[in-house]
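Notes for the structure review
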Amino acid sequence: MADEAPGLRLFATIPPPTGPGGYVRTVRQAARYAESAGFTGALVYSDNNTVDPWVVAQEVLAATEGFVPLVALQPLYMHPYTVAKRIATYASLYGRRIALNLVAGGSVGDIAALCDANSAHDDRYRRLTEYAQLIGLLLTGPGPVTFEGDYYRVRALPLSPALPRSLAPELFISGSSEAGRRAGQTLGAVPVRYPEPPGVADPEADGDRRGTGVRIGVIARDTDQEAWAVAHERFPASRAGRLAQRAARGVSDSQWVARLSVADEFPGGPDSPYWMGPFLNYATYCPYLVGSHEKVEKEISGYLDAGCGTFILDTARADDDYAVIAAVFDRALKR
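A short tour of the structure in this document, coming up. (Residues numbered from 1 in each chain as written. Predicted model: local features only at pLDDT ≥ 70, side-chain atom pairs only at ≥ 80, totals over all residues. Heavy atoms only, no water.)

Looking at the packing of helix α1 (residues 23–37) against helix α2 (residues 53–63)
- For the pair α1 and α2, interaxial distance at closest approach is 9 Å and the crossing angle is 55°. By the criterion of interaxial angle, the relationship of α1 to α2 is oblique. As α1 packs across α2, the resulting crossing turns out to be right-handed. Judged by residue contacts, Tyr23, Val24, Val27, Arg28, Ala31 and Arg32 of α1 engage Val56, Glu59, Val60 and Ala63 from α2.
- Split by residue class, the contact of α1 with α2 holds seven nonpolar, no polar and three charged. (Axes fitted to C-alpha atoms, helices over the stretch in contact; angles between N-to-C directions. Helix = DSSP H or I, 4+ residues; strand = E, 2+ residues; numbered from the N terminus. Parallel < 35°, antiparallel > 145°, perpendicular 65-115°, else oblique. Left-handed = near helix turned anticlockwise from the far one by under 90°. Contact = heavy atoms within 4.5 Å. Nonpolar A, V, L, I, M, F, W, Y, C, P; charged D, E, K, R; others polar.)

A word on the pairing of strand β7 (residues 170–174)
- Counting buried positions along β7 yields four of five residues, so the element is predominantly enclosed.
- With four bridges joining them, strand β4 (residues 99–102) and β7 adopt parallel strand pairing. Among the inter-strand pairings, Asn101 is bridged to a residue of β7, identified as Phe172.
- Bridge count for β7 against strand β8 (residues 190–193) is three bridges, and the pairing is parallel. Looking at the pairing, Ile173 lines up with Pro191 of β8.
- For the segment spanning β7, helix α6 (residues 178–187) and β8, crossover handedness is right-handed. (Buried < 20%, exposed > 50% of the residue type's maximum accessible area, 1.4 Å probe, protein only. Pairing = 2+ DSSP bridges. Right-handed = clockwise from strand over helix to strand, strands pointing away.)

Considerations on a nonpolar patch on the surface
- Taken together, Tyr45, Tyr282 and Tyr285 make up a surface patch of nonpolar side chains, about 300 Å² in accessible area.
- Its place among the elements puts Tyr45 in the loop between β2 (41–44) and α2. (Patch = residues over 30% accessible without salt bridge, like charges linked within 9 Å, V, L, I, M, F, W, Y side chains within 5 Å. Areas by Shrake-Rupley, 256 points an atom, 1.4 Å probe, with all protein chains shown as cover. Salt bridge = Lys/Arg side-chain N within 4 Å of Asp/Glu carboxyl O.)

Examining the nonpolar core
- Formed by 39 residues in total, the largest nonpolar core has its most connected members in Trp54, Ile87 and Leu102.
- The element contributing the most residues to this core is helix α5 (residues 121–140), with eight residues.
- Setting aside residues no more than four positions away along its own chain, Ile87 makes contact with Trp54, Ile98, Leu100, Ile135, Leu139, Leu163 and Pro169.
- Ranked by size, the runner-up nonpolar core spans 35 residues in total, among them Ala42, Val60, Ile216 and Val296. (Core = buried A, V, L, I, M, F, W, Y, C linked by side-chain atoms within 4.5 Å.)

Some remarks on the side chain of His293
- Note on placement: His293 falls in helix α11 (residues 293–305).
- Owing to a relative accessible area of 19%, His293 belongs among the buried residues under this scheme.
- Non-local contacts of His293, meaning those with residues more than four positions away in its chain, are made with Ala220, Arg221, Asp222, Val328 and Arg331.

Some remarks on unusual backbone geometry
- Geometrically, the link from Ser160 to Pro161 is a cis peptide bond, its omega value of 5° lying close to zero.
- Along the chain, Pro161 falls in the loop between β6 (153–157) and β7.
- With a phi close to 60°, Cys115 is a non-glycine residue in the positive phi region.
- The class of Cys115 is exposed, set by a relative accessible area of 74%.
- Despite not being glycine, Ala156 shows a phi value in the positive range, around 50°.

Some words on the packing of aromatic side chains
- Enumeration over the complete set of coordinates arrives at eleven aromatic pairs.
- A ring pair is formed by Trp228 and Trp275, whose centres lie 5.3 Å apart and whose planes are at 75°; its orientation type is edge-to-face. Taken together, the residues span a long stretch of sequence, with Trp228 in helix α7 (residues 224–234) and Trp275 in strand β10 (residues 274–275) at a distance of 47 residues. The pair Trp228 / Trp275 is uniform in exposure class, with both members buried.
- Among the aromatic side chains, those forming a connected cluster through ring pairs are Trp228, Phe235, Trp275 and Tyr288. (Phe/Tyr/Trp six-rings, centres within 6.5 Å; stacked < 30°, edge-to-face > 60°.)

The structure is reproduced here in structure tokens:
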């Protein structure tokens, strides 16, 4: 299984709700398929336009044996004490750990709706750092916690039930800016990056990516032709999608969104599996690797050779995607 291989962890992404009714079954089925394929866990999104990620995380825990929900965590949505209480409660109920994907902001519209539009980009990362530090103190610190920060203050605050240290959450952080990188280093979080198009210098790369994560989609088949046929069927070009992506770029201060949004000249092709089509047509938030098994595995091997050990995969579009993708990574690891 992929998660048994040393130095390699795969996280799926829980599908978003598509309408009323039936979503519990979708969540549980996605988690079970991914766990049976060998994935370590799954990302659970959080923003103003989707369901509560903590409710989804509880369904993931209930449906699986050792699977890890990776919950997207934004400081505006919940006080640090409530986060710590949820984590400790899940540990008490299930004897399981979760992971946290720390997010400083989101779209400008989401932030404005929460009356946080005046917070500067770098200040949001400073707040995120303090937020995660207080959560960590509550979960693992000795006794009641007193904390005096710029954004959060608590006095003699106990946490019950107590969290076993072995179940302390692992931290991931999404952020391509200097402020995001500083926050990740301070917290010891796994930095999650979106790979750049071929030939474009990655401002975050220094030749050594040990301990980093990659956010990517994968479509691999026996031949390039088969893979691209599936890719274009799943992600057809759309003028409406292009306009929506441009509009989304205009209301986001994310540096990686800005960088990837100008990558129209990298559509993938016979010599490169890298494809920006789904991102540029507003169908998903990450680049894709598309092509024959051999070509995609070679590309993934490059990430592995550079030290990337964690991969967060895009939402699966078919039930057998989990097993197919896990097999691709297993073979890439053996190359």
